[in-house]
Amino acid sequence: MSEIKLKSIIKNFGGNSIAVDNLSETFPAGEFVCLLGPSGCGKTTTLRMIAGLETPDSGEIFYGDKTFFSSKTGELIKTENRNLGLMFQSYALWPHMTVYKNIVFGLEMQKKSLEEKDKRYLELEKLFHLENFRDRYPSELSGGQQQRVALARMLAVKPSLLLLDEPLSNLDSNLRLEMRSELKRLHHSLGCTIIFVTHDQMEAMTLATSIAVMNEGKIEQIDKPMEIYNNPKSLFVAKFVGSPQMNIVNSKKDEKLATCLSKKINIEKEKVKNFGIRPETMKMVKQDDGDINGTIETIQPTGADWIVGVNVNGKSLFLISSDPPIGKENDTVGIFFKPEDCHSFDDNDLRILKN
Amino acid sequence: MFTSNSTSQNSFLVSLKIKLSKLLLQPTFLIGVVLVIILSYLVIAPIVSIFSNSVSLTMMDAMLSGGKDGEFTYKYVDRVFTSSISEKIFWIPLKNSITVSFFATLIALTLGLILASLVTSTNILGRKYLGFLLIIPYMLPSQAMATAWLTMFKNRKISGPQGMLESFGITPPDWLAYGPLPISICMALSYFPFAFLLFSSALSKIDIQLEEVASTFGAKTKAIWSKIILPLLIPTTMSVLLLTVARTLGTFATPYILGTPAKYTLLSTSLYSSVRSNDSGVVAVIAIVLSLIGLMLLLVDIWVVRKWQRFVTVGGKGIKRQPSKLGVFRMPTTIFAWIIFLIAALGPFIVLALSTLMREPGNFSFSNFGLAYWTGVNVPGMDQPGIFTSPEVITALKNSFLIAGSASIICGVLGLLIGYAVVRLPGTLISGFLRQISFLPYLMPGLAFAAAYLSLFAVARGPIPALYGSISLLILVMVVTYLPYASRSGISAMMQVGPEPEEAGMVLGAGFWRRITTILAPLQKSALIIAIILPFITGMKELSLVVMLVTPGTELLTTQSIRFLDFGYTQLANATILIIGVVVMISVFILNRVTKTNLASGLGG
Ligand SMILES: Nc1ncnc2c1ncn2[C@@H]1O[C@H](COP(=O)(O)OP(=O)(O)OP(=O)(O)O)[C@@H](O)[C@H]1O
Ligand SMILES: [Mg+2]
C-alpha cells in the first residue's frame, strides 16, 4: 500500500477548455478519498489519468516508488502493468462472458491455475453474495447484482489501489445505502487506498476519510469531511457542500444584513465580499429578540424538519430546524446568528481566517 | 547558452520518448496509419487517374494524329461535348437518362408511398406478409426484371427464342418491348422497395400523439393524412427521390437489355460502349460527368436534410398506429398491393423459371416441359450445355462466390478496423481523414469507379502489377466501392460498444491483442456477420461495377447472364439469374436467422 502523488498535472482535450488544470495533490496511503465536484470538473479525467487510460499533457504521477507517468523523464507505465482496480460508472461487464468468466478474467491474465481461480472465485462469491450466479450472463442480473460482480471482478486480483467512478449512481436509494456500507466495510477489511468519484455530497460525507472538492480542473480543498463542512476554504466549497445550500450574503447588495453580520463576528465589512451562513445554524426567535428581523415567505415541511424562507430586507435566507416554526407566512420574526457559524470570504472568494 | 541548448534538446527527447511509448501503447495508431496509406492509394489514385486520363492523349490517338503519348489535350472533352459524335455518345444518352430516371423515380416513389401507407396504417388483407414480400424485388439482380420483361414481350425484331406473347400469337409493338417505357417500368419495379422501406420506417416513427391531437380537434382520417402525415414525410420523400435518381442513373443491366435492341442509349450504356471500344479519354470524361451528377445529388441531399431538420419528429413512444378501416376500399387496395407483388416479385420469378423449363416458349403441353436447359448435356438448338453442366456457368459460379465472398469479408473486416481507428482516435487527423476518405467512393457511380480502376490497373505502376484481367482487380474494386457502407456501419458498431469493455480489460492486465481477441471480437460478432453478409448480397447481384472489368475466365454469374443474352441464349441467362436470386435469398435468410436484423437496417448496400 502506498500513497498516490500527482504533480502539476495538466490535461487538455483540445480546444481551450482545460479538463485538469495544474493539479498537484497527494492522496495518502490507506485513505478513502472522495473526489467531489460538479459535472465536468475533471473528476473522471483525473481518475483515468491515474489508471493510465488517458495520458496527461504534462506533469507527473507517482504511486509509492513507482513512476506511473512523468513528462520530465518520459517514463510511462501502461495501464496493463499498473496493477490497480478500476470500476466504471457503467460497470463495463463483458456481456459475452458469464459471471465466473468476468470475475476470474484478471487472474487469467496473471496465468493463475484453475484451482487458484476457483478458490478466489468462491471467496468472492461468498463476500458479495453471488452464489447461484456463476453461469449467468450480465444481462440476466439486476443492477445491484451487476454492480457486485463488477466489484468482485475488480477485487479478484487484490489490487492495492482502487479507483471507483460513481459506482453507485445507477442504483436505487435502498441499494445505494446497502452498497455504501459494503464499501466502507471493504475498505476496513482490505486496508487499501480508495479514490472514489462522486457528485453526491451525501455519499462523500458518509463514506470518505477525506474529501477532495474539485472545481474547474483544480482541487479546491482536501480535508476530513467535517473539516470541509465546518471550515470551507473557499466560497465554492462552502456553496457546494451542504444541503440546502449555504446562504450567501453579498456585502454590497445586501448592505443591512451584511452590516449586522460583520458586527456580529467582529470583522471589517469592507474586507468581506460575501458572508455565508449554513441554514441549520440560524435560529428563529420572536420579533426584535434576534440580531435582525425578517418576514416569513415560505414554509416547507420535509417530514424530519422544516425549511423556512425568511425575507430580510429583500434578501431571502433559508433556515432549517427540527422544531416547528414560531410563526406563519407573512409574520415578522427575529433571526439569531451564532458568530462561530458565520463564514466570511474575501474578494478572491477565499475564506477569511478568524483572528 | 550551452545549458539551455542541452535542456531543450533533452526535453525534445523526453517528449519523443513519451510519444513513442504512447504509440506502442496504442497499436490503434499504427492501424490507423496503415489504413490511411492503403485507402489513399485505393481511393484517391483512381480518381486522380481518371482526371488525368480525361485530358491526356492516349497512345493510340498519339500514333494516329501524330501527337505525343500522354500529352495534354482537350480532344476528349471536345469529343464528348461538341464533336459531331457528341450527340450520339453524350447528349442523347443524357437526355434519355434524365427521361428514364424521371419516370422510374416517379413511379417508384408513388408505389413506395402508397404501399407503405397501406401496409403500415390500414387493415389491408395480408399486411403482415406484404411487409416482407414487397422487399423481394430488392433481392433480385436488376437484370431479372429486364430479362423477364424480354422473355415476355420480345418480338421478332431481335434473334433468339420467341417471346411468350409472340408464341401466343400476339406481337407486342416495339415501344412496349424495348426502349424508354419498359426501362422505366423495370427500374421502378426494381427500386420501389427502397421507397417502400424508407416510407414505412418514417411512418412508424411519426409520433402517434401528433395525429391524436389533430383528431381531438375533429380532424378526420383524410385531413390527418393530408395536413399532418404527408407533410411530415417530406424529408423522407426528398431522400427517397435523390437515392432513387442516383440508382437509376447508375444502373446498367436494364438499359443494356431493353434499350440496346431499340438503339436507346443511356449514359451508363454509352459509357460501356466507350469502354468496349477502348476510348479511355471519353470514358474518363463521361465518368467524371456521372460523378459530378452523383456529387450534386449528394449535396442536394445534405442541403435538404439540413433544411428539413426541424421537421424531424423527436421521440414517438413506439405505439403502433391503429390500422384505419378502409371500408369499401379494402378489397380494391388489397388487390392492388398483391398485384404489385405479383408483377414485381413473383411474376419475374415465374416467367424466368417457366422459360427455363419449357422447350418451346408458350407451348404448355406436358411434353414440352423438361430440364434440358438445366441438366442437359447439349441443349437442342443452341449447341450449348445446360446450366449445371456448362463449364462457363460453373466457373462463373465459383468466381461469383470467390469475388463477392472475399470482397465482403475484406470489406467487413476493413469496415470494423476503420470504425475502430476512427472511434478510438477521436479528434486526430487520422480519424477525420479515414472517415472522409472511406466515404469518397460513395460519390462515384459504380460504372465511373470501374472505369477509373480500369485505367489505373491496366498497366503495372510501381510495385503494383497490372491487375487487368485478374480476379484480384474485381475483388479490389468491389471492396473499395462498398467501403462507404462498411466503414459507416463499422463506425456505428464501434460507437455502440464504447471504449469501456476494452478499458476494463486493460486495467485487469490484458494486452492489445488479448483485448481484441477475447473482448472486442466476441462483442462485435454479429456486427461483423452483418458487415460481411450485406456486401455479399450486393456483390452477388453486382453488374454495373464489374461488367467492364471482366475478361474471359473471370466472368461472374451476373456478367455471364449478360453474355448469354448477347448470344441470344435467353433461357440460359434466365437460369443464371435464378441461381443468383436463390443465393441472395438464402443469404438474406441466414442474415435474418443469425442476427435478427432485417434488410431495412442495411439498406445502404
Ligand atoms: N474524451 C474527451 N474529449 C474531449 N473533452 C473531454 C473528454 N473527456 C472529458 N472531456 C472534457 O473535460 C472536462 C472534464 O470531464 P470529466 O469527464 O473529467 O468530468 P467529470 O468531473 O467526471 O464530470 P461528471 O460528473 O459529469 O462525470 C469536461 O469539460 C469534458 O467536456
Ligand atoms: Mg465523470
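Per chain, residue numbering runs from 1 following the sequence as it is written. Chains carry letters and ligands carry numbers; both start at the beginning, A for chains and 1 for ligands, and go up in the order they are written. Owing to the predicted nature of the model, reporting of local features is limited to residues with pLDDT of at least 70; listing and counting of side-chain atom pairs is limited to 80 or more, with chain, interface and lining totals taken over all residues. Based on all heavy atoms of the structure, the side-chain values leave hydrogens and waters out of the count.

S.K.: Which parts of the structure should I look at to understand the packing of helix 20 (residues 391–424) of chain B against helix 27 (residues 557–566) of chain B?
M.R.: Geometrically, a packed helix pair is captured by the angle between its two axes and the distance between the axes. All names here are of chain B. One can describe the packing of helix 20 onto helix 27 by two numbers: an axis separation of 8 Å at closest approach and a directional angle of 150°. Considering their axes alone, helix 20 and helix 27 lie roughly antiparallel with respect to each other. Contact residues: helix 20 offers E392, V393, A396, L397 and S400, while helix 27 offers L557, Q560 and F564. In this description, a line fitted to the C-alpha atoms serves as the axis of each element, helices being fitted only across the stretch in contact, and the angle between N-to-C directions of two axes falls anywhere from 0 to 180 degrees. Helix and strand assignments come from DSSP, with helices taken as H or I runs of at least 4 residues and strands as E runs of at least 2, each series counted from the N terminus. Angle categories: roughly parallel below 35 degrees, roughly antiparallel above 145, roughly perpendicular from 65 to 115, and oblique for all the rest. Between two residues, a contact is recorded if the distance between any of their heavy atoms is within 4.5 Å.

S.K.: Would you mind going over the pattern of salt bridges with me for this structure?
M.R.: Close approach of charged atoms allows side chains of opposite charge to pair. Counted as salt bridges are all cases of a side-chain nitrogen of Lys or Arg within 4 Å of a carboxyl oxygen of Asp or Glu. For the coordinates displayed, the defined rule picks out 25 salt bridges over all chains. Across the salt bridge formed by K273 of chain A and D349 of chain A, the nearest N and O atoms sit 4.0 Å from each other. Separated by 76 residues along the polypeptide, K273 of chain A in the loop between helix 9 (255–264) and strand 12 (274–277) and D349 of chain A in the segment after strand 18 (342–345) bring together distant segments of the chain. Buried means the residue's accessible area, taken with a 1.4 Å probe over protein chains only, is under 20% of the maximum for its type, while exposed means over 50%, and partly exposed covers the values in between. When its relative accessible area of 32% is taken as the criterion, K273 of chain A is described as partly exposed. With a relative accessible area of 26%, D349 of chain A lands in the partly exposed category. We note a salt bridge from E502 of chain B to R424 of chain B, for which the minimum N-O separation is 2.8 Å. One end of the pair, E502 of chain B, is in helix 24 (residues 500–507); the other, R424 of chain B, is in helix 20, and 78 residues separate them in sequence.

S.K.: Even after reading the chapter, I still don't get the pairing of strand 14 (residues 292–301) of chain A, so can you show me in this structure?
M.R.: In the case of a regular strand, side chains alternate between the two sheet surfaces. Residue and element names in this part refer to chain A. Sheet topology places strand 14 next to strand 17 (residues 332–336); four bridges connect them, and they run antiparallel. Bridge pairing links T295 to T332 in strand 17. Paired strands, in this sense, are two strands between which DSSP finds at least two bridges. Taken together, the six bridges between strand 14 and strand 15 (residues 306–312) define a ladder with antiparallel strand orientation. Counterpart to I299 in the pairing with strand 15 is V308. The hairpin formed by strand 14 and strand 15 contains four residues between the paired strands, and G303 there has a positive phi angle of roughly 105°.

S.K.: Which parts of the structure should I look at to understand the domain arrangement of chain B?
M.R.: Residue and element names in this part refer to chain B. Marked domain ranges trace back to an automatic or database domain assignment. Annotation of chain B at the domain level lists domain 1 (26–72 + 391–605) and domain 2 (74–128 + 174–312). Summarising the inter-unit geometry, the C-alpha centres of domain 1 and domain 2 are found 24 Å apart. At the interface, 33 residues of domain 1 touch 32 residues of domain 2. In this description, buried area is defined as the sum, over both parts, of the accessible area (probe of 1.4 Å) that is lost when the two are combined. Roughly 2600 Å² is buried in total at the junction of domain 1 and domain 2, and carbon and sulfur atoms are behind 73% of that figure. In protein, a polar contact means a hydrogen-donor-capable atom and an acceptor-capable atom, both N or O and within 3.5 Å, with residues adjacent in sequence counting only if both atoms are side-chain atoms; elsewhere, any N or O pair within 3.5 Å suffices. Linking domain 1 with domain 2 are one residue pair in polar contact (both at pLDDT 80 or more), by the criterion used here. Mapped by element, the contributors of at least two residues to the side of domain 1 that touches domain 2 are helix 2 (27–54), helix 3 (59–65), helix 22 (446–457) and helix 27. For the side of domain 1 that touches domain 2, the class distribution of residues is 22 nonpolar, eight polar and three charged. Three classes are used: nonpolar for Ala, Val, Leu, Ile, Met, Phe, Trp, Tyr, Cys and Pro, charged for Asp, Glu, Lys and Arg, and polar for all others, with Gly counted as polar.

S.K.: Help me out: how do you make sense of the packing of aromatic side chains in this one?
M.R.: In this description, an aromatic ring pair is defined by two values, namely the gap between the centres and the angle between the planes. For this analysis, a ring pair means two rings from Phe, Tyr or Trp (six-membered ring only for Trp) whose centres lie within 6.5 Å, classed as stacked if their planes differ by under 30 degrees, edge-to-face if by over 60, and tilted for the remaining angles. For the structure shown, the criterion picks out 26 aromatic pairs over all chains. Centre to centre, the rings of F252 of chain B and Y272 of chain B are 4.7 Å apart; their planes meet at 55°, and the pair counts as tilted. Placement of the pair is F252 of chain B in the loop between helix 14 (234–250) and helix 15 (253–259) and Y272 of chain B in helix 16 (residues 267–276), with a sequence separation of 20 residues. Under the relative-accessibility criterion, Y272 of chain B is labelled buried at 5%. An aromatic cluster is built from Y41, F449, Y453 and F457 of chain B, whose rings are joined through pairwise contacts. As a reminder, the over-ring test applies to NZ of lysine and CZ of arginine, requiring each to be within 6 Å of the ring centre and within 35 degrees of the ring normal. The side chain of R134 of chain A reaches across the aromatic face of Y100 of chain A, ending 4.1 Å from its centre.

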